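# Descriptive structure summary
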Amino acid sequence: MAAGKGTRMKSALPKVLHKLAGRSLLQHVLQTASRLGADGIVTVTGHGADEVEAAATAPNLRFVRQMPQLGTGHALQQAAPFLHASGTTLILNGDVPLIEADTARALVEACGGERLALLTIHLADPTGYGRILRGDPAGRSATEGGRVHGIREHRDATLIERNIREVYTGVMAAPTAHLKRWLAALTNDNSQGEYYLTDVVAMAVAEGLPVVTAHPQGDTEVLGVNSPVQLADLERRLQRRQADALMDAGVRLADPARFDLRGELVCGQDVEIDVNCVFEGRVTLGDFVRIGANCVIRNAVIAARATIHPFTHIDGEALGVSVGEGALVGPFARLRPGAQLGPDVHIGNFVEVKNSTLARGAKANHLAYLGDATVGERVNYGAGSITANYDGANKHRTLIGADVHVGSNCVLVAPVTLGKGATIGGGSTISKDAPAGQLTVARGKQVSLAGWKRPVKKG
Ligand code: UD1
Ligand code: MG
C-alpha cells in the first residue's frame, strides 16, 4: 500500500518516496517483497501516483490506482481484483520500510492459507498505532492477554485502550478468498470516515476463523514512518546497523554515530574512516585506504593505500571515479565523473578533476582545474593552472605528455598538446601545441623602464 498522502510528513513529496539510506521507503519494501518468491506484487498507488510508479521497480510488479484515497481497506479493495482467487496475500505498508524477509515469510507460514496472521509488537510508546484487542470481545476492559478479537485505531481508541502496548505493525497475511469477502463488507464508520483494513480482524473473529499473531525480532523492522521525526529516527537506526556490519567486517569507523551510507560500500582490510563521511551509490575502498573527516564519496573505486584527506568531494555519477594505489587526494579536492587517477597521483587543495586521466605520479597540488585532459606520468601541474576545455559549444581535450612541467597560472586552450618533457612558463596562455623538451612561454614580455617616476599628488 503506497497510495496515502502522508499528511503528517507535511511535504509535497509522496510519503513513500522519502528516502531512507538513499532509497525510497517504497523501494525498501519492494526489494524485500521480491525476495519472498510471491506470484506477483501489486502496489496500490494514488497520491502522486505518476511519481511513485516511475520510481518503483521490482520483478512481477503491477500498479493499481486508488483514487481518491479512502483508507487502507479501500486501498486493498482496489487491489482485490488482481489477487489470485485462492492462496495467501501478504500485506505490507509502503511506509514500514525495514521489514525483513524472514519475518514476512514466517507470517505467511503462520497464515498457511487458512488463518489471519498479524505481525504485532509491544512498544513502550504505542502512540499512533492500531492497538491489538485481546480477551473478552464484549470488552469490559482492555486486556493484553487472550485471543485477538480486533484492532482499534489510535484515533478511535478509548483512554483505556490507548494503554495497550501491543500494536499492529501494518503487516498482515490473509487467506485471499476470505480477504476479498471481508474487504467487500468494510464500512467507514469511524473517527476518520475511512475504510480501515484493520476492521477485517473483527470480521475473521465473527466468522470463527483463527487469528494468530507473530512477532518480529526487534522493533526497528516494523517502525512506520509518518513524520520527519520518525524518518530521522529510522535513518539513524539503519545507519547504526550498517555501521555495525562494517565494523564487524573489520572497518574502523572513528564514530559509528557519525557515519552515513546511502548505497553500497565494499571495503578491504584495515580501512579507516574518520567522522562525518557520507558514502553514496557504490563505493569500493581497497586495503589500508584512509578517508579523512567530512568527505562525501559517491560511485568511486579507491585503490589500496590511497588517502583521501578531509573535506574532499568525490562524485563519479554514472561514469565513476577511480583513485589509484597510494594516491593522495585533498584536503578540499573535488573529483568529478571520469576522473581516473593512477598510482601515487597527488591532488591537493581546491583542485577539480573531471573526465581526465592522470598517469602514475602526476601531481596537481593547488588551486587547479583539469577537465577532458590526458596527463602523463610525473607531470607537475602548477598552482592556478586550468584547461580551457569548453569553447562555448564543444568540449576539447588537452594532452599533456610525461614529465611535463606546467608553471603556475597557465591557461591551456584545448584542443592542445604539450609534448613530453615540455616546460610551460608560469602565466602562459597556451593555444598552440608546445614541443617536447622545450620551454614555451606565452605572455607579455617583462619590461623595466629606467628612469620612470611614480606620479606624485598635485598640491
Ligand atoms: C496503519 C494501520 C495501523 C498500524 C499502522 C502501522 C490501518 C487503518 N491502520 O495506520 O493499525 O498500526 O499502519 O504502521 O490500516 N494507504 C493507502 N491508501 C489509503 C491510506 C493509506 O494506500 O487510502 C497506505 C499508505 O500509503 C501507507 C499505508 O497505507 O503506506 C499505511 O497508511 P497510514 O495512513 O500511514 O496508516 P497508519 O495511520 O500508519
Ligand atoms: Mg503509517
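Everything that follows concerns the structure shown earlier in this document.
Small disclaimer: the values here were computed from a predicted structure and weren't measured.

This paragraph deals with the pattern of salt bridges. Per the stated rule, a full pass over the model turns up 24 salt bridges. Between Asp50 and Arg65 there is a salt bridge, with its nearest N and O atoms 2.7 Å apart. Linking Asp50 in helix H2 (residues 49–55) with Arg65 in strand E4 (residues 61–65), this pair joins segments that are 15 residues apart in sequence. Of the charged contacts, one joins Glu207 and Arg181 as a salt bridge, the two residues approaching to 2.5 Å between their closest N and O atoms.

With respect to the helices and strands, the residue Ser385 is situated in the loop between strand E29 (380–381) and strand E30 (386–388). For Ser385, a relative accessible area of 0% puts it in the buried group. Reaching out from Ser385, the side chain makes a polar contact with the backbone nitrogen of Asn409 at a distance of 3.4 Å. Non-local contacts of Ser385, meaning those with residues more than four positions away in its chain, are made with Leu367, Ala368, Tyr369, Val406, Gly407, Ser408, Asn409 and Cys410.

As a further point, take the layout of surface pockets. Looking at the largest pocket, its volume works out to about 1,400 Å³. Lining the largest pocket are 46 residues, with Arg8, Lys15, Asn93, Asp95 and Asn226 sitting closest to its centre. Going through the elements one at a time, helix H3 (72–79), strand E9 (166–175) and helix H8 (228–248) are the ones with two or more residues in the lining of the largest pocket. Per-element accounting of the lining of the largest pocket gives the leading share, four residues, to H8. When its residues are assigned to classes, the lining of the largest pocket shows 14 nonpolar, 21 polar and 11 charged. Shared between two domains, the lining of the largest pocket takes at least three residues from each, and those domains are domain 1 (7–222) and domain 2 (228–440). There is about 810 Å³ of room inside the second largest pocket. Forming the boundary of the second largest pocket are 34 residues, of which Ala38, Gly40, Ile41, Thr89 and Leu90 lie nearest the centre. Only helix H1 (25–33), strand E3 (41–45), E4, H3, strand E5 (88–91) and helix H4 (101–111) provide two or more residues apiece to the lining of the second largest pocket.

What counts, and where the lines are drawn
Residues numbered from 1 in each chain as written. Chains lettered and ligands numbered in written order. Predicted model: local features only at pLDDT ≥ 70, side-chain atom pairs only at ≥ 80, totals over all residues. Heavy atoms only, no water. Salt bridge = Lys/Arg side-chain N within 4 Å of Asp/Glu carboxyl O. Helix = DSSP H or I, 4+ residues; strand = E, 2+ residues; numbered from the N terminus. Buried < 20%, exposed > 50% of the residue type's maximum accessible area, 1.4 Å probe, protein only. Polar contact = N/O pair within 3.5 Å; in protein donor to acceptor, adjacent residues only side chain to side chain. Contact = heavy atoms within 4.5 Å. 1 Å grid on protein atoms, 1.4 Å probe; cavity = no way out; pocket = protein on both sides within 12 Å on 5 of 7 lines; lining within 4 Å. Points joined across faces, edges and corners; volume = space filled by probe spheres on them. Nonpolar A, V, L, I, M, F, W, Y, C, P; charged D, E, K, R; others polar. Domains from an automatic or database assignment.

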